[in-house]
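Residue-level structural notes
The chain contents come next:
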Amino acid sequence: MSEYNFAYLDEQTKRMIRRAILKGLAIPGYQVPFASREMPMPYGWGTGGVQVSAAVMTPDDRFKVIDQGADDTTNAVSIRTFFERTAGVATTTTTSDATVIQTRHRIPEEPLSEGQILVYQVPIPEPLRFLEPRESETRKMHSLEEYGLMHVKLYEDISRHGHIATSYDYPVKVEGRYVMDPSPIPKFDNPKLGNVAAIQLFGAGREQRIYALPPYTQVVSLDFEDHPFEASKPDHPCVMCGAENSYLDEVITDDTGGRMFVCSDTDFCEARQAAGHIGTMNGKDAA
Amino acid sequence: MYVAVKGGERAIENAHAWLAEERRGDTSVAELSVEQIREQLALAVNRVMAEGSLYDPDLASLAIKQARGDLIEAIFLIRAYRTTLPRFGASLPVETGKMACDRRISATFKDLPGGQVLGPTFDYTHRLLDFKLAADGEVPEAATREAVSSDVPHVTEFLNHEGLIEEAPHDDTTPPDLTREPLEMPAERALRLQALTRADEGFTLGMAYSTQRGYARNHAFVGELRIGSVPVEMEIPELGFSIEIGEVTLTECETVNQFTGSKSEPPQFTRGYGLVFGQTERKAISMALVDRALRWEELGEEDEGAPAQDAEFVLYHADNIQATGFLEHIKLPHYVDFQAELELVRKLREEAGTNSVSEAAE
């Protein structure tokens, strides 16, 4: 693919995206409009993340892509292959080895370190979107810090269900100012958003927005004093590596209700197994 | 034994190989050439060029072949290719008054300077399947006549002489470009027109149709519909003057709409405008109707809350590449979110169950 520029996008486009990223880093949690390009993969399939990754990537980077926490899900494979072909960068599945990690729906279990960049694919960047469909209105609400509607929604959840009925895509407040959509990560991952050593960048291609969390930013999940935020996960250990504190996928094993739980973060799970942590089903017949 | 869902890479490769095989179909049937698509499926090619925002019949034909005839997929291929092209500059505005018209009709005047020219239209064909076409595609030669050499004036200009139609003010400011700047609201008319000309034909048609059925009703006359080629000129800085760099076929539709006047405007006819690449008549007329509906605010009309009046609704949902991508992304794995929802629903059900038991006990 030598006919394309390094990492596919031309340098002017990358410059435009970098400016948006810098603005995003300067105003944490603020959604910066940017002139998203049509990419050779569909909108909604990570075009925002891909553009952000392309803009920050250098030839020396080691790139990792996860979708649902796994390196081998089809769309993660597709995006990794895209950058192998268009940028020729080294790729890895090991979280700690990667310099740029593009993710959809998860934050790696292993804490990130300085020098790493985590790039989120974002479908709907506007946390207020499903309370107010109009972009012109929601932008006004952000600039006036008018977040009452969001609190009313959360309160209504509690009065109706006894809980805040949001299990993923759980809204956060950044540095006491902007309410931000963390992308559809499970709320289990929310505590991992704040006070992180790595840079976190969020790209929404179709919606033409970029936002960012610089390292060590304060990020608080919205809640109430008497209904504090609670990061939840299935109450089981991983059957492969025995981890008690990782986010789990539920796998159906038969048609009579049999199921088991395995880590959604494949790199984390494999590293634990390699270190000798063995779960209850590892090496056994699941059926 | 449980094996993690490995092998995504191989699965993708195999799927692509199968897709290529399916695209080719039965190899005992001759392969379709790009030239055949360009010449014989020209209206599909036109739609792909219009919504792909790239005027290149050969590339559009290739895209249709590669997409197995799925036009939205073909438009997507063209859009993705288009973004990689360098920009050398902008052409001068094309002068549709100098169009070499293949078709030019007016629904408002029986006869007019430049005449009514039906051109190659389906309009008065009887929609009967032509079984002869299945056997042989030979056609008798169509009658010809000398081309009209003079310029064909716009119908709305005739109305303008009497002041019966609103002025379309001359404006030389460079219009915005939504392929280079993020779309932001409120959108001025030039930007709306750009969004509409590349909008999905079906969506635009549906929106236009809704205005005809009473959602922001504003009866439109087709003042004029013309299809033909116009020269494209570009100023070359080194030369200091403009030169013709090619020709494009365009469809232009100007509607003349009723308007009884408002606080700010006298009673007069108003305009809706459609301009689309290629022979794309349905799209151009739809565009003109939607353009007119979106102008309610500047004309001081009432906001009826109709979908076609709502620029934010129309413009954010008219692009089929954005829409299809987001729609189809729900095919991607959502295990993680779904797991979170499972936990939540189980928890809520558990509590609901406990509550009803305790209520029954009371």
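Note that the structure is predicted; figures quoted are calculated from it, not measured.

Calculation notes
- Starting afresh in each chain, residues are numbered from 1 along the sequence in its written order.
- Whichever chain is written first is A, and whichever ligand is written first is 1; the rest continue in order.
- Residue-level local features of this predicted model are given only where pLDDT is at least 70; pairs of side-chain atoms are given and counted only at 80 or more, and the full residue set underlies all totals for whole chains, interfaces and linings.
- Secondary structure elements follow DSSP: runs of H or I no shorter than four residues count as helices, runs of E no shorter than two count as strands, and numbering proceeds from the N terminus.
- For every residue, the other C-beta atoms within 10 Å of its own C-beta are counted; 20 or more classify it as buried, 12 or fewer as exposed, and values in between as partly exposed. C-beta atoms are placed from the backbone.
- Restricting the calculation to C-alpha atoms gives the radius of gyration, and the globule rule supplies 2.2 Å times the number of residues raised to the power 0.38.
- The contact criterion used is a C-beta to C-beta distance within 7 Å, with each C-beta placed from the backbone.
- Strands are treated as partners if at least two bridges between them are detected by DSSP.
- Only buried Ala, Val, Leu, Ile, Met, Phe, Trp, Tyr and Cys residues enter a nonpolar core, and they are joined through C-beta atoms within 7 Å.
- Domains are outlined according to an automatic or database domain assignment.
- A residue's pLDDT is the predictor's confidence in that residue, given on a scale from 0 to 100.
- Only the stretch in contact is used when fitting a helix axis, every axis being a line fitted to C-alpha atoms; angles between N-to-C directions are given from 0 to 180 degrees.
- Each angle gets one of four labels, with under 35 degrees taken as roughly parallel, over 145 as roughly antiparallel, 65 to 115 as roughly perpendicular, and the rest as oblique.
- The hand of a helix crossing depends on one turn: near helix anticlockwise from the far one by less than a right angle means left-handed, and clockwise means right-handed.
- Three classes are used, and their members are as follows: Ala, Val, Leu, Ile, Met, Phe, Trp, Tyr, Cys and Pro are nonpolar, Asp, Glu, Lys and Arg are charged, and the others, Gly among them, are polar.
- Expected helix span is computed as 1.5 Å times (number of residues minus one).

Within chain A one finds six helices and twelve strands. Within chain A, the proportion of its 287 residues that are buried is 49%.

Here the focus is the overall build of chain B. Looking only at helices and strands, chain B has 13 helices and four strands in total. A compact globule built from 362 residues would reach a C-alpha radius of gyration of about 21 Å, whereas chain B, at 26 Å, exceeds it by more than 25%. For chain B, the spread of C-alpha atoms along the three principal axes comes to 85 × 65 × 55 Å. A total of 362 residues make up chain B; the buried ones form 31% of that total. Put simply, 65% of the contacts in chain B that link residues at least 6 apart link residues at least 24 apart.

Take the sheet that holds strand 1 (residues 32–33) of chain A next. Sheet strands associate in pairs through backbone hydrogen bonding, adopting either a parallel or an antiparallel arrangement. All names here are of chain A. The strand order across the open sheet formed by seven strands is 1-9-8-5-4-2-3, and the pairing between neighbours is mixed. Each end of this open sheet is capped by a strand with a single partner; those strands are strand 1 and strand 3 (90–91). Pairing geometry for strand 2 (residues 62–67) and strand 3, over two bridges, is parallel. Its bridge partner being in strand 3, phenylalanine 63 is matched across the sheet by threonine 91.

One ladder, built from five bridges, connects strand 11 (residues 248–252) of chain A with strand 12 (residues 259–263) of chain A; its direction is antiparallel. By the bridge assignment for strand 12 of chain A, Glu250(A) is matched with Phe261(A).

Before going further, it helps to spend a moment on the nonpolar core. Of all hydrophobic cores here, the largest spans 54 residues; its most connected members are Val48(B), Ala60(B), Ala63(B), Ala74(B), Ile78(B) and Val290(B). Ranked by the residues each element gives to this core, the list is headed by helix 10 (residues 281–294) of chain B, at eight residues. Each of two domains, domain 1 (11–82) and domain 2 (96–121 + 147–324) of chain B, supplies a minimum of three residues to this core. Ranked by size, the runner-up nonpolar core spans 52 residues in total, among them Ala7(A), Leu25(A), Phe83(A) and Val196(A).

This part takes up the confidence of the model for chain B. Note that predicted coordinates carrying low pLDDT should not be read in detail. For chain B, per-residue confidence averages 88 on the pLDDT scale, and 94% of positions sit at 70 or higher. Among the prediction metrics, the complex's ipTM stands at 0.80, with pTM recorded as 0.86.

Each partner contributes to the interface: chain B provides 40 residues, whereas chain A provides 46 residues. Secondary structure elements with two or more residues in the side of chain B that touches chain A: helix 1 (8–24), helix 5 (71–82), helix 12 (320–328) and helix 13 (335–361) of chain B. In terms of residue count, the dominant contributor to the side of chain B that touches chain A is helix 13 of chain B (eleven residues).

A word on the packing of helix 8 (residues 189–197) of chain B against helix 10 of chain B. Residue and element names in this part refer to chain B. Relative to each other, helix 8 and helix 10 sit at 150 degrees, their axes nearing to 10 Å. Taken together, the axes of helix 8 and helix 10 are roughly antiparallel relative to one another. When the axes of helix 8 and helix 10 are compared, the crossing they make is right-handed. Contacts between helix 8 and helix 10 involve Arg192, Leu193, Leu196 and Thr197 from the first element and Met287, Val290, Asp291 and Leu294 from the second. Among the residues making up the contact of helix 8 with helix 10, the classes are represented as five nonpolar, one polar and two charged.

A few words now on helix 2 (residues 47–56) of chain A. Structural remark: α-helix, 3.6 residues per turn; residues separated by three or four positions point the same way. All names here are of chain A. Taking burial as the measure, the ten residues of helix 2 include nine buried ones, the bulk of the element. Residues Thr47, Gly48, Gly49, Val50, Gln51, Val52, Ser53, Ala54 and Ala55 constitute the buried set of helix 2. The elements touched by buried residues of helix 2 are helix 1 (11–26), helix 3 (74–86), strand 4 (100–104), strand 5 (117–121), strand 8 (199–204) and strand 9 (209–213).

This brings us to the domain arrangement of chain B. Residues and elements named next belong to chain B. Each domain of chain B was delimited in the assignment, giving domain 1 (11–82) and domain 2 (96–121 + 147–324). For domain 1 and domain 2, the distance between their C-alpha centres works out to 29 Å. Every contact between the two is made by twelve residues of domain 1 and, on the other side, 15 residues of domain 2. Those elements giving two or more residues to the side of domain 1 that touches domain 2 turn out to be helix 3 (42–52) and helix 5.

Take the environment of Pro113(B) next. On the secondary structure map, Pro113(B) appears in the loop between strand 1 (100–105) and helix 6 (131–135). Sequence separation between Pro113(B) and Glu304(B) is 191 residues; the distance between their C-alpha atoms is 38 Å.

Residues and elements named next belong to chain A. Entries for chain A in the domain assignment read domain 1 (11–221) and domain 2 (233–282). Every contact between the two is made by 15 residues of domain 1 and, on the other side, eight residues of domain 2. In terms of residue class, the side of domain 1 that touches domain 2 is made up of four nonpolar, five polar and six charged.

A word on unusual backbone geometry. Peptide bonds are mostly trans, and most non-glycine residues show a negative phi. Residues and elements named next belong to chain B. Residue proline 186 is reached from methionine 185 by a cis peptide bond, and omega for that bond is -5 degrees. The phi dihedral of serine 53 is positive, around 55 degrees, even though this residue is not glycine. Positionally, serine 53 belongs in the loop between helix 3 and helix 4 (57–66). For serine 53, a count of 18 C-beta atoms within 10 Å puts it in the partly exposed group.

Once that is clear, we can look at helix 1 of chain A. End to end, helix 1 of chain A covers 22 Å across 16 residues, agreeing with the expected 22 Å (1.5 Å per residue, within 8%). Burial in helix 1 of chain A covers these residues: Thr13(A), Lys14(A), Met16(A), Ile17(A), Ala20(A), Ile21(A), Gly24(A) and Leu25(A).

All names here are of chain B. Taken in spatial order, the four strands line up as 1-2-3-4 in an open sheet, and their pairing is antiparallel. Two strands lie at the open edges of the sheet, namely strand 1 and strand 4 (270–277), each paired on one side alone. For this sheet, the mean inter-axis angle between neighbouring strands, taken without regard to orientation, is 25 degrees. Bridge analysis of strand 3 (residues 241–257) against strand 4 gives eight bridges, and the strand direction is antiparallel.

This next bit is on the pairing of strand 5 of chain A. All names here are of chain A. Burial analysis of strand 5 places five of its five residues in the buried class, the great majority of the element. Going residue by residue along strand 5, you find Ile117, Val119 and Gln121 tucked away on one face and Leu118 and Tyr120 tucked away on the opposite face as well. Pairing of strand 4 with strand 5 involves four bridges; the strand directions are parallel. Across the sheet, the residue bridging to isoleucine 101 is leucine 118, located in strand 5.

All names here are of chain A. Among the secondary structure elements, aspartate 235 is positioned in the loop between strand 10 (219–221) and strand 11. On the neighbour-count criterion, aspartate 235 (9 C-beta atoms within 10 Å) is exposed. Sequence separation between aspartate 235 and phenylalanine 261 is 26 residues; the distance between their C-alpha atoms is 9.4 Å.

Moving on to the environment of Ser53(A). All names here are of chain A. For serine 53, the position within the fold is in helix 2. A residue is classified by how many C-beta atoms lie within 10 Å of it, and serine 53, with 28 of them, is buried. Sequence separation between serine 53 and phenylalanine 83 is 30 residues; the distance between their C-alpha atoms is 9.2 Å. Once residues within four sequence positions are removed from consideration, serine 53 is found in contact with Phe83, Val100, Gln102 and Val119.

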